[in-house]
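Observations on the three-dimensional arrangement
Residues per chain are reported as follows:
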Amino acid sequence: MYTAHPDRYAEMPYRRTGRSGLKLPALSLGLWHNFGPDRPVETQRAILRRAFDLGVTHFDLANNYGPPPGSAESALGEALKADFAPYRDELVISTKAGYLMWPGPYGEWGSRKSLLSSLDQSLSRMGLEYVDIFYSHRPDPDTPLEETMGALHTAVQQGKALYVGVSNYSPEQTREAARILAELGTPLLIHQPRYSMLDRRPETSGLLDALDELEVGSIAYSPLEQGLLTGRYLNGIPEDSRAASDSPFLNSDAVTEELVGKLRALNEIAGSRGQSLAQTALAWVLRQGRVTSALVGASSPRQLEDSVADIGNLDFDADELARIDKIVQG
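These numbers come from a predicted model, not from an experiment. The residue numbers shown here count from 1 along each chain, following its written sequence. Local features in this predicted model are restricted to residues of pLDDT 70 or higher, and side-chain atom pairs are both shown and tallied only at a pLDDT of 80 or more, whereas totals for entire chains, interfaces and linings draw on every residue. The basis for every side-chain value is the complete set of heavy atoms in the structure, and neither hydrogens nor water enter the calculation.

Let's shift gears to the side chain of Asp 199. Labels follow the DSSP assignment, with helices taken as runs of H or I lasting at least four residues and strands as runs of E lasting at least two, numbered in each case from the N terminus. Relative to the helices and strands, Asp 199 is located in the loop between strand E8 (188–192) and helix H6 (201–204). Type-normalised accessible area, obtained with a 1.4 Å probe on protein chains alone, sets the label of each residue: buried when under 20%, exposed when over 50%, and partly exposed for intermediate values. Relative accessible area serves as the criterion here: at 7%, Asp 199 is assigned to the buried category. A polar contact is formed between the side chain of Asp 199 and the side chain of Arg 201, at a distance of 2.5 Å. Here, residues are in contact when the closest pair of their heavy atoms is within 4.5 Å. Setting aside its immediate chain neighbours within four residues, Asp 199 contacts Arg 194 and Glu 225. In protein, a polar contact requires one atom able to donate a hydrogen and another able to accept it; more generally it is a pair of N or O atoms within 3.5 Å, and residues adjacent in sequence count only if both atoms are side-chain atoms.

For helices, the axis comes from a line fit to the C-alpha atoms of the stretch in contact; other axes are also lines fit to C-alpha atoms, and the angle between any two N-to-C directions lies between 0 and 180 degrees. Two numbers describe how helix H8 (residues 257–272) lies on helix H11 (residues 318–329): the axes approach to 9 Å, and their chain directions differ by 170 degrees. The orientation of H8 with respect to H11, classified from their angle, is roughly antiparallel. Of the residues in H11, those touching H8 at Lys 262, Ala 265, Leu 266 and Ile 269 are Arg 323, Ile 324, Ile 327 and Val 328. Counted by class, the contact of H8 with H11 contains six nonpolar, no polar and two charged residues. To sort the angles, those under 35 degrees are grouped as roughly parallel, those over 145 as roughly antiparallel, those from 65 to 115 as roughly perpendicular, and the leftovers as oblique. Residue polarity follows a fixed list, in which Ala, Val, Leu, Ile, Met, Phe, Trp, Tyr, Cys and Pro are nonpolar, Asp, Glu, Lys and Arg are charged, and the others, Gly among them, are polar.

Within the span of helix H7 (residues 207–214), buried status applies to Leu 207, Leu 208, Ala 210 and Leu 211. Along H7, the residues classed as buried sweep out an arc of 160 degrees about the axis, all on the same side. Looking at the buried positions of H7, the neighbouring elements they touch are helix H5 (171–184), E8, H6 and strand E9 (217–220). Glu 215 sits one or two residues past H7 and shows a positive phi near 60 degrees. Note that the arc is defined by the directions from the helix axis to the C-beta atoms.

Before going further, it helps to examine the layout of surface pockets. Space inside the second largest pocket adds up to approximately 270 Å³. Contributing to the lining of the second largest pocket are 17 residues, with Arg 19, Pro 187, Leu 188, Leu 189 and Glu 215 lying nearest its centre. For the lining of the second largest pocket, a count of residues per class yields 10 nonpolar, five polar and two charged. Grid spacing is 1 Å over the protein atoms alone, the probe is 1.4 Å, and a cavity is where that probe fits but cannot get out, while a pocket is an open set with protein on both sides within 12 Å along at least five of seven lines and lining residues have an atom within 4 Å of a point. Grid points are joined across faces, edges and corners, and a volume is the space filled by probe spheres set on the points.

Turning to the sheet that holds E8, a few remarks are in order. Around the barrel, eight strands lie side by side as E3-E4-E5-E6-E7-E8-E9-E10; this closed barrel has parallel pairing. Put simply, the sheet's adjacent strands are angled 30 degrees from each other on average, direction ignored. For two strands to count as paired, DSSP must find a minimum of two bridges between them. Where strand E5 (residues 92–97) and strand E6 (residues 131–136) come together, four bridges link them in parallel fashion. Considered in E6, the bridge of Ala 97 is made with Ser 136. On top of the sheet, helix H4 (residues 145–157) reaches E6 and strand E7 (161–167); it is set at about 155 degrees to E7, its chief contact.

Tracing the chain through its elements places Ser 222 in the loop between E9 and H8. Residues Ser 222 and Ser 272, 50 residues apart in the sequence, show an inter-C-alpha distance of 24 Å. Apart from the residues within four sequence positions on either side, Ser 222 is in contact with Trp 32, Arg 194, Tyr 195 and Ser 196.

Every case where a carboxyl oxygen of Asp or Glu lies within 4 Å of a side-chain nitrogen of Lys or Arg is listed as a salt bridge. If you walk through the whole model with that rule in mind, you get 26 salt bridges. A salt bridge links Arg 39 to Asp 38; the shortest N-O distance between them is 3.8 Å. What makes Arg 39 partly exposed here is its relative accessible area of 34%. When its relative accessible area of 54% is taken as the criterion, Asp 38 is described as exposed. Taken together, the salt bridges that share partners define one network made up of Glu 42, Arg 45, Arg 49 and Asp 83.

Right, here's the structure in full:
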């Protein structure tokens, strides 16, 4: 029987999410990949146990994570039953709905029918009575935002979610979502955007400014840019890498000589900081405190340990930031 490490809260920083009372670890574990039936169950459980021992109290999912869709939630459900039943109140578990999950007109997007049906399915797969955060995974161009936000509000009213969030929403959509939810009496807790040293859209679009003004938290997904910022591609494309596979999220055409040159230059800055490239990339996302938490994936406990190892060193001087900007933008 698993017993959590007694010093699990000693090193991990926790940040308040917007103006709420909820604190998230600086690093959260995303179950987007590595939690399907193609991965050994014991490895999956070892990753989850090691994460919690390191103070990573937040596990982030979506209905369609796997593959196949739903399998990540099922895997977490088994781990919760086997290892984490005594620790449920120490965990923040989130899930989302909005991308294609089942056939027909109700299996995706943001209708009330789709979101609330999906949440019920997610709770069943995980064996939970509630999730801590339930997200609209993407805006629906054909459903009124009032309906989508109303469904999130209903999830809270039914006791099936404690908080609600949005993901992949523009600044304008986020402001409107926050307004609607405020009128309903369920505050918008958090936004989950894609954000990394190589993808600055939350900055350039004004999303981070909007979240600051709204006092809404943020959790960045793909802060390591699908593995590009882990150091694996400093000498090209490894045979066992995501870029060498048939992944729709990263292909070999994206790993150009120009990009590899940028990664090597960024790696030199990381080395001067006494960090790995991945550690510096995570620190960059978390700098200044504008981002509440960064989502990391892991294929092994050791990979997770590397991400967490230097979490105390989040400061950059002006010269480092200028050099990073010049490399990325040049």
